[in-house]
Amino acid sequence: MSFSTFVTKLVEGKSFEDLNESHPLGHELDREADKHPEGFTGFVHSLGTWAKEHPDTILTVLHKLRPVLTIKQVSVVTSFDGVRDVLSKDHDFAVTYGSKMEMITDGAGFFLGMDDNTQGFTDRTNMQMLFRRDDIERLIKPSITALCQAQLDKQGDSFNLVEDYLKPIPALFAAEYFGLQPDKHQWLIKVTQTLFEYLFIDVVNDKDLAQEAKQAAAELRQQLDIEIANTSADADTVLGRGVKLHQAGVQGFDPVRLRNNVLGLLIGLVPTIAKSAAMAFDWATQDDTREAAFYQAYENRAAQPFQQYVCELTRLNPINPGLFRKAARDTFVVSGGSAHPIKKDTLVFVSTYTAMRDARFVKQPEQLMYNRAASDYLTYGFGLHACFGRYISDFHVAQLLESLLDKAHYQRLQGAAGNLMFSGVFPSQLMVKAKNNAGEEL
Ligand code: HEM
């Protein structure tokens, strides 16, 4: 039986006994790999294609059977404790983005691509001086809220939630907060999506995508160089603050280093927020029961923070199923009280998706609950590389949805137009229509 048949039958509800559970899963994978005409690499590639289409299914099954599964030089970790263990041991499990970050920055790299590296630590803290947590109340919340309202005011009763609203807002916000030209926001969406896909999704190193990414990176560097050269040190923006510190002689803010760091933040910000909000809305309105609960959560927002509800939506339907690391030395992963050996150079996939649904650590994981412990969430990763933007992202995603509901009671259009569609890995369409208070279409 092929691995995908095995998984499909399991998901269809066949018991392990029916499927001859005595076959250890890893051995079956090895046998399948041996039979593949292109050997193990071809097999992993075909499995990767299958897994890409069904990541949640395959990871859920693996979590049930083997929370840490290692086949040759690939490990998949699906338990909560295992995932946190890998992500917390950055000396043992290195990030895999280094060389791609160097291509994008044309040399120096960006701190997400660096583990044990002084420049990485310095750049991360330098950027915290420009992208400040205490801007949240004074600058960030008012800016995002006003942009959401203005964008919704431009829409008719029916519009494409993704392209007309969710995608432009993070790009417009980035332009305002960083101090970039706002009329280039469509271009910013395009280049950051390409670079995001190249960095985080493309594990097979697709040549065409690499070419597109090279072009997008060159455009982004060139545009940021122009923007930085035109920035006044008096501007109360990310770029303005960077230029001011450079003029004051503070190390690490020269125009090229500032550009490289801003470039990394833009790739982190622009594509993720829109995708996260689209997937949260999609999950929340999949059927009548969920939709009623979603509107109820909005109506109750004075008593229970709507943002917490939205965090639950993004926990249950995150923008990616997990993250990759590579073992920097022979090491082990602790999961379920055992240490699982991992050899140097093993590619390790940690499934944050299943970890956040691991009932041994997360109370009633399938339920949407207010007041969960912050430690239950791995939406923004964990450890050294935990998301730089995590302090603003929950607010941003929730505000996109709250402003939408403030404006009107929007529902998906009936039929295919109301489905969330993707162009590649990014959402591209979900048509909505406003209803009046009586629930009738306007
Ligand atoms: C809903 C939106 C977002 C999601 C789901 C998200 C998710 C993540 C995740 C999972 C990581 C860890 C990557 C790893 O360990 O391999 C990460 C890192 C990062 N994110 Fe985000 N992110 C979001 C928004 C943002 C925003 C708004 C920014 C910019 C302000 C940003 C900038 C970054 C940066 C710079 C890192 C690398 C941090 C480091 O290496 O120290 N992200 N993000």
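Before any of the text, the structure's been laid out above.
What comes next is a walk through the structure. (Residues numbered from 1 in each chain as written. Predicted model: local features only at pLDDT ≥ 70, side-chain atom pairs only at ≥ 80, totals over all residues. Heavy atoms only, no water.)

Observations regarding the coordination of the iron atom of the ligand
As a reminder, the rule being used: Keep in mind that water is not among the atoms, so a site may look incomplete; donors are the N, O and S atoms within 2.8 Å of the metal, or 3.2 Å for Na, K and Ca. Here a strand is any run of E in DSSP of at least two residues, a helix any run of H or I of at least four, and the numbering for each starts at the N terminus.
Of the protein atoms, C387 (SG) alone serves as a donor to the iron atom of the ligand, at 2.3 Å. Structurally, the position occupied by C387 is in the loop between α17 (352-355) and α18 (390-407).

A short note on the environment of S428
Definition in use: Only heavy atoms matter for contacts: two residues are in contact if any of them lie within 4.5 Å across the pair.
Tracing the backbone through its elements, the reader meets S428 in strand β11 (residues 426-429). Residues S428 and D164, 264 residues apart in the sequence, show an inter-C-alpha distance of 9.8 Å. When sequence neighbours within four positions are dropped, the list of residues in contact with S428 reads N160, V162, E163, K167, M421, F422 and S423.

Overview of the packing of helix α15 (residues 288-299) against α18
The following threshold applies: What counts as an axis is a line fitted to C-alpha atoms, over the stretch in contact for a helix, and the angles between N-to-C directions run from 0 to 180 degrees. Note on terminology: angles under 35 degrees are roughly parallel, angles over 145 are roughly antiparallel, angles of 65 to 115 are roughly perpendicular, and the others are oblique. Polarity classes work like this: nonpolar for Ala, Val, Leu, Ile, Met, Phe, Trp, Tyr, Cys and Pro, charged for Asp, Glu, Lys and Arg, and polar for all others, with Gly in that last group.
The contact between α15 and α18 brings their axes to 11 Å, and the two run at 90 degrees. Relative to α18, the element α15 is oriented roughly perpendicular. Contacts between α15 and α18 involve F294, Y295 and Y298 from the first element and L401, E402, L405 and D406 from the second. A breakdown of the residues in the contact of α15 with α18 according to their chemical character gives five nonpolar, no polar and two charged.

Considerations on the sheet that holds strand β2 (residues 74-77)
Rule in force here: Any two strands with at least two DSSP-identified bridges between them are counted as paired.
Read across the sheet, five strands follow the order β1-β2-β8-β5-β3 without closing on themselves; strand pairing throughout is mixed. With partners counted over all chains shown, the strands left at the sheet margins are β1 (68-71) and β3 (93-94), one partner each. Pairing analysis gives two bridges linking β3 to strand β5 (residues 323-327), with the strands arranged antiparallel. Looking across to β5, one finds that F93 is bridged to A327.

Some details on the sheet that holds strand β9 (residues 409-412)
Read across the sheet, three strands follow the order β4-β12-β9 without closing on themselves; strand pairing throughout is antiparallel. Of all strands in the sheet, those with a lone pairing partner are β4 (158-160) and β9, marking the two edges. Mean inter-strand twist for the sheet, computed between neighbouring axes without regard to direction, equals 35 degrees. Taken together, the three bridges between β4 and strand β12 (residues 431-435) define a ladder with antiparallel strand orientation. Note that in β12 the partner of S158 across the bridge is K433.

Here's the deal with the site of the ligand
Quick reminder of the rule: Note on definitions. A residue lies near a molecule or strand when any single heavy atom of the residue is within 4 Å of it. Nitrogen and oxygen atoms within 3.5 Å of one another constitute a polar contact, given that in protein one can donate a hydrogen and the other can accept it, and given that sequence-neighbouring residues count only through two side-chain atoms.
Not every one of the 25 residues close to the ligand is listed here, only the nearest: Y97, R124, R325, H385 and C387. The contact in question runs from an oxygen atom of the ligand to an N or O atom on the side chain of Y97, over 2.5 Å. A distance of 3.4 Å separates a nitrogen atom of the ligand from a polar backbone atom of G268. Looking at the shell around the ligand, the elements with two or more residues in it are α14 (255-284) and β5. The residue makeup of the shell around the ligand, split by class, is 15 nonpolar, eight polar and two charged.

Some details on helix α5 (residues 80-88)
Short version of the rule: Using a 1.4 Å probe on the protein chains alone, a residue whose accessible area is under 20% of its type maximum counts as buried, one over 50% counts as exposed, and one in between counts as partly exposed.
Along α5, seven of the nine residues are buried, which leaves the element largely enclosed by surrounding structure. When α5 is considered as a whole, its buried residues turn out to be F80, D81, G82, V83, D85, V86 and L87.

Observations concerning the packing of aromatic side chains
Think of a pair of aromatic rings as described by two things: how far the centres are apart, and how the planes are tilted against each other in angle. For the record, the criterion: Each Phe, Tyr or Trp ring (for Trp, its six-membered ring) is paired with any other whose centre lies within 6.5 Å, and the angle between the two planes then decides the class: stacked below 30 degrees, edge-to-face above 60, tilted in between. A ring is considered to have a charge above it if a Lys NZ or an Arg CZ atom is located within 6 Å of its centre and within 35 degrees of its normal.
One pass over the structure, following the stated rule, counts 18 aromatic pairs. Taking 6.0 Å as the distance between ring centres and 65 degrees as the angle between the ring planes, the aromatic pair formed by F196 and F426 counts as edge-to-face. Remark: F426 occurs in strand β11 and F196 occurs in helix α11 (residues 185-201); sequence separation between them is 230 residues. Taking the relative accessible area as the measure of exposure, F196 reaches 9% and is therefore buried. Among the aromatic residues, those joined into a cluster by ring pairs are F110, F111, F131, F173, Y177, F178 and F388. The side chain of R301 reaches across the aromatic face of Y298, ending 3.9 Å from its centre.

Some thoughts on the environment of A339
Considering the arrangement of structural elements, one finds A339 in strand β7 (residues 338-342). A339 sits in the exposed class, given a relative accessible area of 51%. The spatial distance from the C-alpha of A339 to the C-alpha of V68 is 9.9 Å, given a sequence separation of 271 residues. With sequence-adjacent residues up to four places away left out, A339 is seen in contact with F332, V333 and V334.

Thoughts on the side chain of E312
Structurally, E312 is set in helix α16 (residues 306-316). Of the polar contacts made by the side chain of E312, one reaches the side chain of R315; its length is 3.0 Å. Separated by 2.6 Å, the side chains of E312 and Y377 make a polar contact. Residue contacts for E312: discarding those within four places in its chain leaves Q367, L368, M369, R372 and Y377.

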